[in-house]
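In case you want the letters, here they are:
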Amino acid sequence: MGDAACEDAVEQLAGLLDKVDAPLKKAFENVHQGYPTETLIRFLKAREWHVNKAQKMLVESLNWRIQNEIDSILEKPIIPVDLYRSIRDTQLVGLSGYSKEGIPVFAVGVGLSTYDKASVNYYVQSHIQINEYRDRFILPMVTKKYGRPITTCIKVLDMTGLKLSALNQMKIVTAISTVDDLNYPEKTETYYIVNTPYIFSACWKVVKPLLRERTRKKVHVLRGCGKDELLKIMDYSSLPHFCRREGSGASKHSSSDPDDCFSLDHPFHQELYNFIQEQALNMELIKQGSMHVNIPDQDPEDAKIVGVIEAEFHKLSVQNGSANGVDKE
């Protein structure tokens, strides 16, 4: 699509958004953080530059934010701290640093996340809090520092420990990725996948052709822990802990190691947790219990991909002769 056509689409979408009512406009301000054009482009990309589809997606997302009080989610801590720690130990995600261009690098422990210490609501709440903190504080901070809009991040996905039993977490993983796809589209500019076991490679072969070309181009499967490749775009200090050394035990998760960016003791999680606690105290809102966030309906295309992954996992478990699957490396 040519530049003129893109600009035209952005203008049309901006015009349609001008007609929405005040609460939606306010919600949009919270989303764009002073960069409305970049935000409109993200929604347009997510809908292959169809203006009406992008408008529908954006308005639905803004309504979702209002109905689920997403703008005040950073005032709602998950307490007590022990519960939050157990979420951090089983939903492995963290900010490991920044690329040389200032883009935040988020690490995700796909293979070792078990999601088995709290209800789905808590995991979804914690995930959205990280998204919102990234979008409202981290990205504006680096934008200011580098003097140009930085509105996306890089994700490094660690597949260490991926087993066929991951199928049990499919529901929660799907819920979280649906929230992201529909409300935080095009926020990740590149996915680097590291430490891939056999089971990942088998699934990737089947899933890759189903992905939209735009998504496929973003995914890079690296050899081993990916250290050499990643050092081309970030300094050693920003490498996720599981990319720092080759060989066995490279990514054993130890929740008390402050270098482990998944841990609650890591500076990023400490900062986020303290920030949410402070906001809550200001609002005098601290109360126990998770927020119930409605999960939007999944895009039919994505539902198809989930079905394919499930079928592939079943096939592999039959080949391995057990429902749990003894993983071949």
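Our structure is the block above this text.
In what follows, the accompanying structure is described. (Residues numbered from 1 in each chain as written. Predicted model: local features only at pLDDT ≥ 70, side-chain atom pairs only at ≥ 80, totals over all residues. Heavy atoms only, no water.)

## Quick word on the overall build of the chain
Then, in step 1: Of regular secondary structure, the chain possesses 12 helices and 5 strands.
Then, in step 2: Against the 2.2 N^0.38 benchmark of 20 Å for 329 residues, the chain shows a C-alpha radius of gyration of 20 Å, consistent with a compact globule.
Then, in step 3: Seen along its three principal axes, the alpha-carbon backbone of the chain occupies a region of about 60 × 50 × 35 Å.
Then, in step 4: Put simply, 78% of the contacts in the chain that link residues at least 6 apart link residues at least 24 apart.
Then, in step 5: Summed over all atoms, the accessible surface of the chain reaches about 16,000 Å², with 52% contributed by carbon and sulfur.
Then, in step 6: Averaging the coordinates of the 40 positive side-chain charges in the chain and doing the same for the 44 negative ones gives two points 3 Å apart. (Helix = DSSP H or I, 4+ residues; strand = E, 2+ residues; numbered from the N terminus. Rg over C-alpha atoms; globule rule 2.2 N^0.38 Å. Contact = heavy atoms within 4.5 Å. Areas by Shrake-Rupley, 256 points an atom, 1.4 Å probe, with all protein chains shown as cover. Lys, Arg positive; Asp, Glu negative; His and termini not counted. Charge placed at Lys NZ, Arg CZ, Asp CG, Glu CD.)

## Things to note about the nonpolar core
Then, in step 1: One finds Ile128, Phe268 and Phe313 to be the most contacted residues of the largest nonpolar core, which totals 55 residues.
Then, in step 2: When residues of this core are assigned to their parent elements, the largest contribution, 7 residues, is made by helix α6 (residues 120-146).
Then, in step 3: Among residues more than four places away in sequence, those in contact with Phe268 are Gly94, Leu95, Phe106, Ile130, Tyr133 and Ile138.
Then, in step 4: Ranked by size, the runner-up nonpolar core spans 20 residues in total, among them Ala9, Leu24, Ala27 and Leu44. (Core = buried A, V, L, I, M, F, W, Y, C linked by side-chain atoms within 4.5 Å. Buried < 20%, exposed > 50% of the residue type's maximum accessible area, 1.4 Å probe, protein only.)

## Brief notes about the pattern of salt bridges
When their charged atoms lie close together, side chains carrying opposite charge are able to pair.
Then, in step 1: Enumeration according to the criterion identifies 17 salt bridges in this entry.
Then, in step 2: The partner of Glu48 in a salt bridge is Arg212, with the nearest N and O atoms 3.9 Å apart. One end of the pair, Glu48, is in the loop between α3 (36-46) and α4 (51-67); the other, Arg212, is in the loop between α8 (198-207) and α9 (213-218), and 164 residues separate them in sequence.
Then, in step 3: Residue Glu48 is classed as partly exposed on the basis of its relative accessible area, which comes to 42%.
Then, in step 4: With relative accessibility at 27%, the residue Arg212 sits in the partly exposed group.
Then, in step 5: Note that Glu229 and Lys232 form a salt bridge whose closest N and O atoms lie 2.9 Å from each other.
Then, in step 6: Glu229 gets classed as partly exposed once you look at its relative accessible area, which sits at 40%.
Then, in step 7: When its relative accessible area of 57% is taken as the criterion, Lys232 is described as exposed.
Then, in step 8: When salt bridges with common partners are traced through the structure, they connect Glu48, Glu186, Arg212, Arg214 and Lys218 into a single cluster. (Salt bridge = Lys/Arg side-chain N within 4 Å of Asp/Glu carboxyl O.)

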